[in-house]
Amino acid sequence: MRKFAVFVLLGALSLPLSALSAGDWVGYVTYTPKPVPTAVAMDAAGLKWLKDTASRLGPDGFTFLGRRDADHWIAFNTKGGTWVLQVHDEGAKFNFRGLVSPKTGKLTVEKGVQWEGLGRQADANKSATLALEYAAKARAAKDLFSSEPMTATVGTMSSAKPETKMPPMEKKMAPSEPKKAVPASEGKPVSMKPKTPVPAKQAEPAKKEMAASPMEEPAAPAPAMAATAMTTPKMMPPQGPASAAELPWKRLLEGNKRFVSGKVTHPDQSMARIEEISKEQKPFAIVLACSDSPAPPEVVFDQGLGDLVVIRTAGEVATDVELGSIEYAVDHLGVAYLVVMGHRDCSIVDETLKGGDLPANIEAVAAQIRPAVEGARFLKGDLLDNTVRENTRNVVKKIKDTPALALAISEGRLNVKAAYYDTMTGKVSELP
Ligand SMILES: [Zn+2]
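Each chain has its residues counted from 1, running along the sequence as written. Per-residue local features of the predicted model are confined to residues with pLDDT of at least 70, and side-chain atom pairs are confined, for both listing and counting, to 80 or more; whole-chain, interface and lining totals are unaffected and use all residues.

**Digging into the overall build of the chain**
Looking only at helices and strands, the chain features 14 helices and 11 strands. Neighbour density around each residue's C-beta defines its exposure: 20 or more other C-beta atoms within 10 Å make it buried, 12 or fewer make it exposed, and counts between make it partly exposed, where C-beta atoms are placed from the backbone. Counting every position in the chain, which comprises 432 residues, the buried fraction comes to 42%. Numbering goes from the N terminus for both helices and strands, where a helix is a DSSP run of H or I of at least four residues and a strand is a run of E of at least two.

**Let's talk about the pairing of strand 3 (residues 72–77)**
Of all six residues in strand 3, six are buried; the element is thus mostly enclosed. Taking every second residue as pointing to the same face, both faces of strand 3 are buried, with His72, Ile74 and Phe76 on one and Trp73, Ala75 and Asn77 on the other. Whether two strands pair comes down to DSSP finding at least two bridges between them. Two elements, strand 2 (residues 62–69) and strand 3, share six bridges in a ladder whose sense is antiparallel. Bridge pairing in strand 3 links Thr63 to Phe76. Here strand 2 folds back onto strand 3, and the loop between the two strands holds two residues. Of the pairings in the sheet, the one linking strand 3 to strand 4 (residues 83–89) comprises six bridges and is antiparallel in character. Residue Phe76 lies in a different strand from strand 4, and its bridge partner there is Leu85.

**Brief notes about helix 13 (residues 383–400)**
Here helix 13 spans 25 Å end to end across 18 residues, near enough to the 26 Å set by a 1.5 Å rise per residue. Most of helix 13 is tucked away, with 14 of its 18 residues classed as buried. Multiplying 1.5 Å by the helix residue count minus one yields the expected span of that helix.

**Some words on the packing of helix 11 (residues 347–354) against helix 12 (residues 360–377)**
Helix axes use the C-alpha atoms of the stretch in contact, all axes being lines fitted to C-alpha atoms, and the angles between their N-to-C directions lie in the range 0 to 180 degrees. Where helix 11 contacts helix 12, the axes come no closer than 9 Å and their chain directions differ by 75°. Put simply, helix 11 runs roughly perpendicular to helix 12. Across the interface between the two elements, Ile348, Val349, Glu351, Thr352 and Leu353 of helix 11 pack against Val365, Ala366, Ile369, Arg370 and Val373 of helix 12. Considered class by class, the residues forming the contact of helix 11 with helix 12 number seven nonpolar, one polar and two charged. Angles are sorted into four bins: roughly parallel if under 35 degrees, roughly antiparallel if over 145, roughly perpendicular if 65 to 115, and oblique for all others. Whether two residues are in contact depends on their C-beta atoms, placed from the backbone: they are in contact if these lie within 7 Å. Amino acids are sorted into nonpolar (Ala, Val, Leu, Ile, Met, Phe, Trp, Tyr, Cys and Pro), charged (Asp, Glu, Lys and Arg) and polar (every other residue, Gly among them).

**Thoughts on the nonpolar core**
Formed by 82 residues in total, the largest nonpolar core has its most connected members in Ile286, Leu288 and Val340. Domain boundaries shown here were taken from an automatic or database domain assignment. Built from parts of two domains, this core gets at least three residues from each of domain 1 (3–151) and domain 2 (242–430). When near neighbours in sequence (up to four residues on either side) are disregarded, Leu288 contacts Ile311, Glu316, Ala318, Glu322, Ile326, Leu338, Val340, Met341 and Val395. Remark: nonpolar core denotes a set of buried Ala, Val, Leu, Ile, Met, Phe, Trp, Tyr and Cys residues whose joining runs through C-beta atoms within 7 Å.

**Describing the sheet that holds strand 9 (residues 337–343)**
Taken together, the five strands give an open sheet; going across it, the order is 8-7-9-10-11, and neighbouring strands pair in mixed fashion. Sheet topology places strand 8 (308–313) and strand 11 (428–430) at the edges, where each strand pairs with a single neighbour. Taken pair by pair, the neighbouring strands of this sheet meet at an average axis angle of 25°, ignoring direction. The pairing of strand 7 (residues 285–290) with strand 9 spans four bridges and is parallel. When the sheet's bridge partners are listed, Ala289 is paired in strand 9 with Met341. Sheet strands touched by helix 10 (residues 320–332): strand 7, strand 8 and strand 9. Its angle to strand 8, the strand with the most contacts, is close to 175°.

**Describing unusual backbone geometry**
Phi is positive for Glu316, which is not a glycine, with a value near 45°. Relative to the helices and strands, Glu316 resides in the loop between strand 8 and helix 10. Overall, Glu316 belongs to the buried group, with 30 C-beta atoms counted inside 10 Å. Positive phi values are uncommon outside glycine, yet Asp345 reaches one of about 55°. Relative to the elements of secondary structure, Asp345 occurs in the loop between strand 9 and helix 11.

No statement about biological role is implied by the geometric values presented.
Structure below.
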């Protein structure tokens, strides 16, 4: 299925993980209005490596040169005969896109300048140099996402809190499993503000990564999950009938059945309901759905006022704000069920698949979706639909990787379900 991706990742995964400071800020990225050519060039060995990769990919190919997870990757594509190198390192806040000349190896920066505010050309050079460092590490199968090359040069955002140190963690990788974020190393030159409290990566129950896995999301961590080597003790969720935890999902499916059959009841939409929930809201589920107009959760689940916490973004992507909204609903409203709902013919996923330059804010959404393209590219069937499904799974994974939510899951305060809404039939189904 993902032979090529696995092929290029094998080297990287066979080495032990080195240190990562998952949330260090080392600069910031803006978009360049037009590409900035640089004198920075990939060395001969690197160029040969890209040539080999390009010849395997063909004229319209895409692959990850290395990938830890949805937020840490370096990608290469040959669309339209041009070579495009992209680096996305969420931990370091480094986001780069540039062209590589197949002849000279020189980089033209399309995105990722003003990394340090040195001026456009100097920043482009610096960004290109940094991108090549990632590429070199990918080629040498070293940790791609160590922030060490960057931390020494920046002081502009040092108003930050002290760095959160983490004890080392070891985790055995399956071949198809991306590298996980690992703790910050001791003795790093600069300590910056961690974006998120990193320790939650450990508190989270071991989880499967293979997006194509047929396994269901269990209501609670299943015994089989304990097979993954973790050094941290497991927190067991409160005991209780699994069916009780799934009641919100059943209720949603029942509403969807009414919707599909045309027997909607429009529950909880009376003035009495308004009065009731004006005193206290007790929503029974959170739905993170796409903002595309064919996919409104209250309608497709036939629910009313005060029933659902609905969060909608293009491509149902979850960044800090959406994750915070989920956390809020879990912690303050006591909602214990979350459905992440992708849908057929998602327009932003389609746009992301087309590639090409996007305006900055739309690119920010596309960047969240792009890892799903790779996951879907080698699957049989429709690329768009496969990407929608892969993206939904990635969002679920990101939610489960979020410290506060991982804790809620481990304590049995939250269950997460991936779902797919078929805009042709109106039917919502569980997404394996
Ligand atoms: Zn959509």
